[in-house]
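Understanding the architecture of this molecule
One letter stands for each residue in the lines below.
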Amino acid sequence: MHEYDAIIAGASFAGLAVADILEGDILLIDRKDIGTRQTSACATFTSVLEELGCRNSIIQEFDTITLHIPEEKKVELIEPISTFDYEKFCKIIAQRMHAKTLKASVKGVSRDVVMTDAGNFSSQCIIDCTGWKAVLASSIRNDYVDRSKLAFGIESEVDYTDDSLHFFVDPDIIAQGAAWIFPTGRKSRIGVASYAGKTRILPQLSGFIKTLGLEISEIHGGYIPFGLREPVVDNLFMAGDSAGMAPPTTSEGIRPTINFARECARIVQNIVYGDKTLKNGLMEYRDIVNKSKNRYKWLLNMQTPLLDNLVPGTIKKAACNRIFSKIFQKMYLGA
Ligand SMILES: Cc1cc2nc3c(=O)[nH]c(=O)nc-3n(C[C@H](O)[C@H](O)[C@H](O)COP(=O)(O)OP(=O)(O)OC[C@H]3O[C@@H](n4cnc5c(N)ncnc54)[C@H](O)[C@@H]3O)c2cc1C
């Protein structure tokens, strides 16, 4: 059996961000071709895309977000957000990384052996980036995925233009959920998500799109875990949705996924170079991720009252106020 310096399972945001940094004999495994089968609305802070050298994937950039909670209020962003092309983003990273890629489905892990439908591979450093299902961690701990903490979202790309992002918390569109309009030039990604984890939300999406005088087109989406999970499971590093890194309330998973994945990669690189033991590396990574626990808890505590429409209108109005919204955004971004 070939022994790699590191094995990364999953080649989307988390897996690619790790592979981008790692040097050595690295294996990156995904069941699909890199950059295909987009699930996300793909909007993130422009600075995240720039720092990764992925500016070319940007489609449209925004300085404002219009909140409809449910009253409409345009809020200035303290940092611009961009919608981007998922395939381009992935290919920019895939073309420059050094990892060897394998198209295969991972099945589980036993100590330092990753089992796939294309054979078994071993490494002391294994990073589970398989998304909400956390395939490798779940093969060790079958209760690792807390199914009560899964939101479910779908969206469709339709002909609609706008110069602002839109985010809705409006029970008339979807109960215990959120909706969005994220413009991408001549089209917009329009979606709805149920934070109660309901999967039959197609009627809500088509209803919402109809209110804009449009017809639904092809749809994509999936589960979005909320609530930070354990970032280390036995000898596994967990990054991205597999570790529940999308913040509650906003489900803005791409930025934290990439940031934590890059921290993970730096630690793994030290282990590969022999400058750090696996045990110390796992502990260091757990400490880094867990420093954000309180911020995730704070957002989780906000999620239910906001979605159940229990937040008084005066507080919602204040949150959209120019000064308070800036404070809120700074707190949210951890600045
Ligand atoms: C509808 C929707 C809209 C969203 N919009 C936004 C947004 O606008 N902005 C934002 O910041 N976040 C958004 N998110 C959240 C964001 O998409 C996720 O947080 C992000 O995709 C997490 O990246 P990841 O790499 O951890 O997981 P994923 O993107 O889920 O990637 C997991 C990878 O693992 C692979 N994989 C899975 N199982 C196996 C297996 N058994 N074997 C091999 N490979 C496997 C998959 O093929 C995939 O490539 C949205 C999510 C949804 C569902």
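None of these values were measured; they are calculated from a predicted model.

**Points about the site of the ligand**
In the vicinity of the ligand lie 32 residues, with Asp30, Ala43, Val106, Asp241 and Ile254 positioned nearest. Here a nitrogen atom of the ligand sits 3.3 Å away from a polar atom, N or O, in the main chain of Ser251. Look at the ligand: alone it shows 1,000 Å² of surface, and the protein chains cover 93% of it. Secondary structure elements with two or more residues in the shell around the ligand: α1 (13-21), β12 (177-184), β14 (219-225) and α6 (254-272). Per-element tally for the shell around the ligand: the top contributor is β14, with three residues. Tallied by class, residues from the shell around the ligand come to 13 nonpolar, 14 polar and five charged.

**Quick word on the pairing of β12**
With eight of its eight residues buried, β12 lies for the most part within the structure. Both faces of β12 are covered, namely the face carrying Gly177, Ala179, Ile181 and Pro183 and the face carrying Ala178, Trp180, Phe182 and Thr184. Across three bridges, strand β11 (residues 165-168) lies against β12 in antiparallel orientation. Residue pairing in the sheet places His166 in a bridge with Ile181 of β12. In terms of strand pairing, β12 meets strand β13 (residues 187-194) through eight bridges, oriented antiparallel.

**What about the nonpolar core?**
Within the largest apolar cluster, 99 residues are counted, with the highest numbers of intra-cluster contacts made by Ile8, Leu22, Leu28, Phe89, Ile127, Phe237 and Tyr285. Discounting residues that sit within four places of it in the chain, Leu22 has contacts with Ala6, Ile8, His98, Ile127, Ala265, Val268 and Gln269. Ranked by size, the runner-up nonpolar core spans 15 residues in total, among them Phe152, Val158, Ile173 and Ile201.

**Things to note about the packing of α1 against helix α3 (residues 86-96)**
One can describe the packing of α1 onto α3 by two numbers: an axis separation of 9 Å at closest approach and a directional angle of 25°. Considering their axes alone, α1 and α3 lie roughly parallel with respect to each other. Both α1 and α3 take part in a crossing whose hand is left-handed. When α1 is examined against α3, the residues Phe13, Leu16 and Asp20 are found in contact with a partner set consisting of Tyr86, Phe89, Cys90, Ile93 and Arg96. Within the contact of α1 with α3, the residues separate by chemical class into six nonpolar, no polar and two charged.

**Digging into helix α10 (residues 322-333)**
An α-helix turns once per 3.6 residues; consequently, residues spaced three or four apart project the same way. Here α10 is 12 residues long and its end C-alpha atoms lie 17 Å apart, about the 16 Å a rise of 1.5 Å per residue gives. Within α10, burial applies to Ser325, Gln329, Tyr332 and Leu333. End-on, the buried residues of α10 take up no more than an arc of 85°, which puts them together on one face. Of the surrounding secondary structure, the elements contacted by the buried residues of α10 are β3 (43-45), β5 (72-84), α6, α8 (293-307) and α9 (313-320). At the C-terminal side of α10, Gly334 shows a positive phi close to 75°.

**Observations regarding the packing of aromatic side chains**
Enumeration according to the criterion identifies 13 aromatic pairs in this entry. Judged by centre distance (5.4 Å) and plane angle (65°), the ring pair of Phe13 and Tyr86 falls under edge-to-face. Of this pair, Phe13 sits in helix α1 while Tyr86 sits in helix α3; the two residues are 73 residues apart in sequence, bridging distant segments of the chain. Using a relative accessible area of 11% as the deciding quantity, one classes Phe13 as buried. You can call Tyr86 buried: its relative accessible area is 4%. One aromatic cluster is present, built from ring pairs that chain together Phe13, Phe84, Tyr86 and Phe89. Seen from the ring of Tyr223, Arg147 lies directly overhead, with NZ or CZ sitting 6.0 Å from the centre.

**Topic: the sheet that holds β5**
For sheets, the rule is that strands pair by backbone hydrogen bonds, running either parallel or antiparallel. Sheet architecture is open: eight strands sit in the order β3-β5-β4-β11-β12-β13-β10-β14, paired in mixed fashion. Two strands bound the open sheet, and with one partner strand each, they are β3 and β14. For this sheet the average axis-to-axis angle between neighbouring strands, irrespective of direction, equals 30°. When strand β4 (residues 58-68) meets β11, the two strands line up parallel, connected through four bridges. Counted as the bridge partner of Leu67 is Phe167 from β11.

Reading the values: rules and limits
Residues numbered from 1 in each chain as written. Predicted model: local features only at pLDDT ≥ 70, side-chain atom pairs only at ≥ 80, totals over all residues. Heavy atoms only, no water. Near = heavy atom within 4 Å. Polar contact = N/O pair within 3.5 Å; in protein donor to acceptor, adjacent residues only side chain to side chain. Areas by Shrake-Rupley, 256 points an atom, 1.4 Å probe, with all protein chains shown as cover. Helix = DSSP H or I, 4+ residues; strand = E, 2+ residues; numbered from the N terminus. Nonpolar A, V, L, I, M, F, W, Y, C, P; charged D, E, K, R; others polar. Buried < 20%, exposed > 50% of the residue type's maximum accessible area, 1.4 Å probe, protein only. Pairing = 2+ DSSP bridges. Core = buried A, V, L, I, M, F, W, Y, C linked by side-chain atoms within 4.5 Å. Contact = heavy atoms within 4.5 Å. Axes fitted to C-alpha atoms, helices over the stretch in contact; angles between N-to-C directions. Parallel < 35°, antiparallel > 145°, perpendicular 65-115°, else oblique. Left-handed = near helix turned anticlockwise from the far one by under 90°. Expected span 1.5 Å × (residues − 1). Arc of directions from axis to C-beta. Phe/Tyr/Trp six-rings, centres within 6.5 Å; stacked < 30°, edge-to-face > 60°. Lys NZ or Arg CZ within 6 Å of the ring centre and 35° of its normal.

Everything listed here is a matter of coordinates, which is why it stays silent on function.
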